[in-house]
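Topology and contacts: notes
The lines below spell out each chain.
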Amino acid sequence: MRSKLVAGNWKSNGDLAANEALLGHIRAAAADLQGATCAVCVPYPYLFQARQVLADSTVAWGGQDVSQFGAGAYTGAVTAVMLREFGCRYVLVGHSERRSIYGETNDVVAAKFGAALQAGLTPILCVGETLQERETGAMEQVIAAQLDAVIETKGVAALGSAVVAYEPVWAIGTGKTATPQQAQAAHAFIRARIATHDAALASNLVILYGGSVKAANAGELFAMSDIDGGLIGGAALLAEEFMAICRAAERKQQAPVQV
Ligand code: PEP
């Protein structure tokens, strides 16, 4: 059975005092979480704090982006080795906000994915379509291109050390969640696409759903057969809400629903 993961994406939110309370709550509440991993992807300056609060706990932490380059003259960029040095297990690559606001192409995302892997991080590769792409029937083509950029440059085996997050852009931060059936269809497409290269790898791949997940809808989303947890934005800033989502992933692990 695939493991379950719920990762919080704090985006550009937080301050030392609020983080201390949030991380402390998550650390305590996650201690008895069975069969589901809980992680937080925090802004770079707070990685030190995340490591301090979460060290020796069941909660993992990570970055929200990473440089595609190594050390050198890349002003403002943070390398994968630096993230490792601060104890990160995960890093988001290709989040739709990076793609749309900072113009990250599939090639850049693939390079970041490779840099993360090389440093021993687990990249969480974010893919997903805009509303216009969905409405014009281009969803599968867009997601396929996002996956293929990684597969063609890093090889399909690289996905064996990664997590994929399906995040329909129209559902991120909008309060509009994909229906469980819409999300399941996209996840099944992703798994099938990767299975054309390596069926065993695809069937073991953890694929998260992201897009306005809350405690109230996490259970029905996670009940879908190809959804292995969530990438959580807004709700990850609310300790009780985030932990309720983690509990929903735990329930699936304990009693998987076949659909
Ligand atoms: C995200 O930032 O990846 C995300 C899914 O955000 P939200 O849960 O707020 O839609």
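The structure displayed is predicted, hence computed values, not measured ones. (Residues numbered from 1 in each chain as written. Predicted model: local features only at pLDDT ≥ 70, side-chain atom pairs only at ≥ 80, totals over all residues. Heavy atoms only, no water.)

1. Some words on the overall build of the protein chain
- Scanning the protein chain from terminus to terminus reveals 11 helices and eight strands.
- Dimensions along the principal axes, computed over C-alpha positions, put the protein chain at roughly 50 × 45 × 35 Å.
- By the burial criterion, 53% of the 259 residues in the protein chain qualify as buried.
- Carbon and sulfur atoms provide 53% of the accessible area of the protein chain, an area that totals close to 10,900 Å².
- Both charge centroids of the protein chain, one from 19 positive and one from 23 negative side chains, sit 2 Å from each other. (Helix = DSSP H or I, 4+ residues; strand = E, 2+ residues; numbered from the N terminus. Buried < 20%, exposed > 50% of the residue type's maximum accessible area, 1.4 Å probe, protein only. Areas by Shrake-Rupley, 256 points an atom, 1.4 Å probe, with all protein chains shown as cover. Lys, Arg positive; Asp, Glu negative; His and termini not counted. Charge placed at Lys NZ, Arg CZ, Asp CG, Glu CD.)

2. Side note on the environment of Gly 35
- Of note, Gly 35 is situated in the loop between helix H1 (16-30) and strand S2 (36-41).
- The exposure class of Gly 35 is partly exposed, given its relative accessible area of 43%.
- Through-space distance from the C-alpha of Gly 35 to that of Ala 55 is 19 Å; in sequence the pair is 20 residues apart.
- Ignoring anything within four residues of it in the chain, the contact list for Gly 35 reads Lys 4 and Gln 253. (Contact = heavy atoms within 4.5 Å.)

3. Overview of the sheet that holds strand S3 (residues 59-63)
- Spatial ordering of the closed barrel is given by S1-S2-S3-S4-S5-S6-S7-S8, a layout of eight strands whose pairing is parallel. If you compare each strand with its neighbour and ignore which way they point, the axes differ by 30° on average.
- As paired strands, strand S4 (residues 90-93) and strand S5 (residues 122-127) are joined by four bridges and run parallel to one another. Bridge assignment links Val 91 to a residue of S5, and that residue is Pro 123.
- Most of the contacts of helix H7 (residues 139-154) go to S5, to which it runs at about 155°, and overall it touches S5 and strand S6 (163-166).
- Its contacts with the sheet put helix H11 (residues 239-254) on strand S1 (4-9), S2 and strand S8 (229-232), and the angle it makes with S1 is roughly 165°. (Pairing = 2+ DSSP bridges. Axes fitted to C-alpha atoms, helices over the stretch in contact; angles between N-to-C directions.)

4. Here we look at the site of the ligand
- Around the ligand sit 14 residues, and of these Lys 11, His 95, Glu 167, Gly 173 and Ser 212 come closest.
- A distance of 2.8 Å is found between an oxygen atom of the ligand and a backbone nitrogen or oxygen belonging to Gly 233.
- The separation between an oxygen atom of the ligand and a polar main-chain atom of Gly 234 is 2.9 Å.
- Class assignment for the residues of the shell around the ligand results in four nonpolar, eight polar and two charged. (Near = heavy atom within 4 Å. Polar contact = N/O pair within 3.5 Å; in protein donor to acceptor, adjacent residues only side chain to side chain. Nonpolar A, V, L, I, M, F, W, Y, C, P; charged D, E, K, R; others polar.)

5. Focus on helix H2 (residues 47-54)
- Among the residues of H2, Leu 47, Gln 49, Ala 50, Val 53 and Leu 54 are the ones counted as buried. Viewed end-on, H2 has its buried residues packed into an arc of 160°, placing them on one side of the element.
- Here the buried face of H2 lies against H1, S2, S3 and helix H3 (80-85).
- Phi for Asp 56, located one or two positions after H2, is positive at around 60°. (Arc of directions from axis to C-beta.)

6. As for the pattern of salt bridges
- Counted by the stated rule, this structure contains 12 salt bridges.
- Across the pair Glu 97 and Lys 11 runs a salt bridge whose closest N-O atoms are separated by 2.8 Å. Taken together, the residues span a long stretch of sequence, with Glu 97 in helix H4 (residues 96-101) and Lys 11 in the loop between S1 and H1 at a distance of 86 residues.
- A residue is classified by how much of its surface remains accessible, and Glu 97, at 26% relative accessible area, is partly exposed. (Salt bridge = Lys/Arg side-chain N within 4 Å of Asp/Glu carboxyl O.)

7. Topic: the side chain of Thr 79
- Inspection of the secondary structure puts Thr 79 in the loop between S3 and H3.
- Among residues more than four places away in sequence, those in contact with Thr 79 are Val 66, Ser 67, Phe 69, Gly 70 and Ala 71.

8. What about unusual backbone geometry?
- If you check the backbone angles, Lys 11 has positive phi at about 50° while not being a glycine.
- Residue Ser 212 is not a glycine yet carries a positive backbone phi of 55°.

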